[in-house]
Amino acid sequence: MKYGFFPGCTLEAAALEAKLATLKVAKALGIELMELDGWTCCGATHAQDVDTLTALAVNARNIALAEKEGIPLLTVCNTCTLMLRKAKQQLDNAEELKGQVNSIIKETGLEYTGNSEVTHLLWVLIKDYGLENLKKKVKNPLKGLKLANFYGCHIVRPPEIMGFENHLNPKSLEILAEALGADSVEFDRKLDCCGFHAVFPAEDEVLKISGSVCKSAKEAGANCLVTPCPLCQMQLDMYQPESQKKFKEDITIPVLHLPQIIGLALGFSPDELGMKRHVVNTGEWYGIGLA
């Protein structure tokens, strides 16, 4: 199994631990990730507000890098997945628009054809790799670990673009957790927005929003939150101390990247998965269920 790996800006800098964990997990599972040479920022849902055509051209070029290799494009960021899939949907349904975009990116020696799928690590593990195959690789079943699975906005919405599962009742994270030996707890904020994209213009409200997610997960009895989006992870982890100031109750809870949870089950140590880079201490819980 081979994919064109689109790490995106976040994994190259602020969430380097997510990239580290992703590469370790992929190698352990025998999934080949070829980082796309020359990829550029997806625009993170903001670029199209400035220049729609340029935003399309940027992501058409990113997809074309995978098309050139004849492989699907894989991301581990919900927002990157949305931006790339949105661009693909627009271009695949508008020949004139595709022609305009190709006239822009031809200067880079590339052409968008629409022949490569855009997917997410979570979807690949369930649909392409298969949970039964994943179970065979588990060395340290996460028995006794209670996960609060936080989907965030962009992995399920808008459904006409993402479309992997029921956007009102997604189950992919729960069935993946089960394959790793962990238990999932139900909590009422798992489909909420983390607030990441609004933190600068509306910081006070966003801190309440992200704090409510942590509070809900903790009250449900979770040992940690886990999310398939590095932007959600950063918002819930990095801003958690500031969010705490908005609540009387203790909302402290570790927040992990999806590949880190998988990596623990595959036998990697917390240090190998970059968990010391987190703001909220992960040292109080990660021995649960591990050999």
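Above this note sits the structure.
Here goes a summary of the coordinates provided. Keep in mind it's a predicted model, so treat the numbers as computed, not measured.

Overview of the sheet that holds strand 3 (residues 73–75)
Strands pair in a sheet through their backbones, by hydrogen bonds, and they do so in one of two ways: parallel or antiparallel.
Link 1 in the chain: If you trace the four strands from one edge of the open sheet to the other, you get 2-1-3-4, paired in parallel fashion. With one partner strand each, in any of the chains shown, strand 2 (32–35) and strand 4 (118–120) form the two edges of the open sheet. Across this sheet, the average inter-strand angle for adjacent strands is 40°, counted without regard to direction.
Link 2 in the chain: In this structure, strand 1 (residues 2–5) lies alongside strand 2, joined through four bridges in parallel fashion. Along strand 2, the bridge assignment pairs glycine 4 with methionine 34.
Link 3 in the chain: Against the sheet, helix 2 (residues 16–29) contacts strand 1 and strand 2, and its axis sits at roughly 140° relative to strand 2.

Observations concerning the packing of helix 4 (residues 52–69) against helix 5 (residues 78–92)
Link 1 in the chain: For the pair helix 4 and helix 5, interaxial distance at closest approach is 9 Å and the crossing angle is 100°. Looking at the two axes, helix 4 sits roughly perpendicular to helix 5. Judged by residue contacts, Leu56, Asn59, Ala60, Asn62 and Ile63 of helix 4 engage Met83, Leu84, Ala87, Lys88, Gln90 and Leu91 from helix 5.
Link 2 in the chain: When grouped by side-chain class, the residues that make up the contact of helix 4 with helix 5 number seven nonpolar, three polar and one charged.

Structural notes on the environment of leucine 236
Link 1 in the chain: With respect to the secondary-structure elements, leucine 236 resides in helix 11 (residues 230–238).
Link 2 in the chain: Separated by 155 residues in the primary sequence, leucine 236 and threonine 81 have C-alpha atoms spaced 20 Å apart.
Link 3 in the chain: Setting aside its immediate chain neighbours within four residues, leucine 236 contacts Phe150, Cys194, Ser210, Val213, Cys214, Leu225 and Val255.

Examining the pairing of strand 7 (residues 224–227)
Looking along a regular strand, one sees the side chains alternate between the two faces of the sheet.
Link 1 in the chain: Across the two faces of strand 7 the burial is the same, with Cys224 and Val226 and Leu225 and Thr227 all buried.
Link 2 in the chain: Here three bridges tie strand 5 (residues 146–149) to strand 7, and the two strands are oriented parallel to one another. Residue asparagine 149 lies in a different strand from strand 7, and its bridge partner there is valine 226.

Let's talk about the nonpolar core
Link 1 in the chain: Core analysis: the largest hydrophobic core is formed by 50 residues, its most contacted members being Leu134, Ile261 and Ile262.
Link 2 in the chain: Put simply, the parts of the chain that give this core at least two residues each are strand 1, helix 2, helix 7 (121–129), helix 8 (131–137), helix 9 (172–179), strand 7 and helix 13 (258–266).
Link 3 in the chain: The element contributing the most residues to this core is helix 7, with seven residues.
Link 4 in the chain: Among residues more than four places away in sequence, those in contact with isoleucine 262 are Val25, Leu125, Leu134, Leu176 and Leu180.
Link 5 in the chain: Counting 42 residues, the second largest nonpolar core, distinct from the first, contains Ile63, Cys80, Phe150 and Leu231.

The rules we used
- Residues numbered from 1 in each chain as written.
- Predicted model: local features only at pLDDT ≥ 70, side-chain atom pairs only at ≥ 80, totals over all residues.
- Heavy atoms only, no water.
- Pairing = 2+ DSSP bridges.
- Helix = DSSP H or I, 4+ residues; strand = E, 2+ residues; numbered from the N terminus.
- Axes fitted to C-alpha atoms, helices over the stretch in contact; angles between N-to-C directions.
- Contact = heavy atoms within 4.5 Å.
- Parallel < 35°, antiparallel > 145°, perpendicular 65-115°, else oblique.
- Nonpolar A, V, L, I, M, F, W, Y, C, P; charged D, E, K, R; others polar.
- Buried < 20%, exposed > 50% of the residue type's maximum accessible area, 1.4 Å probe, protein only.
- Core = buried A, V, L, I, M, F, W, Y, C linked by side-chain atoms within 4.5 Å.

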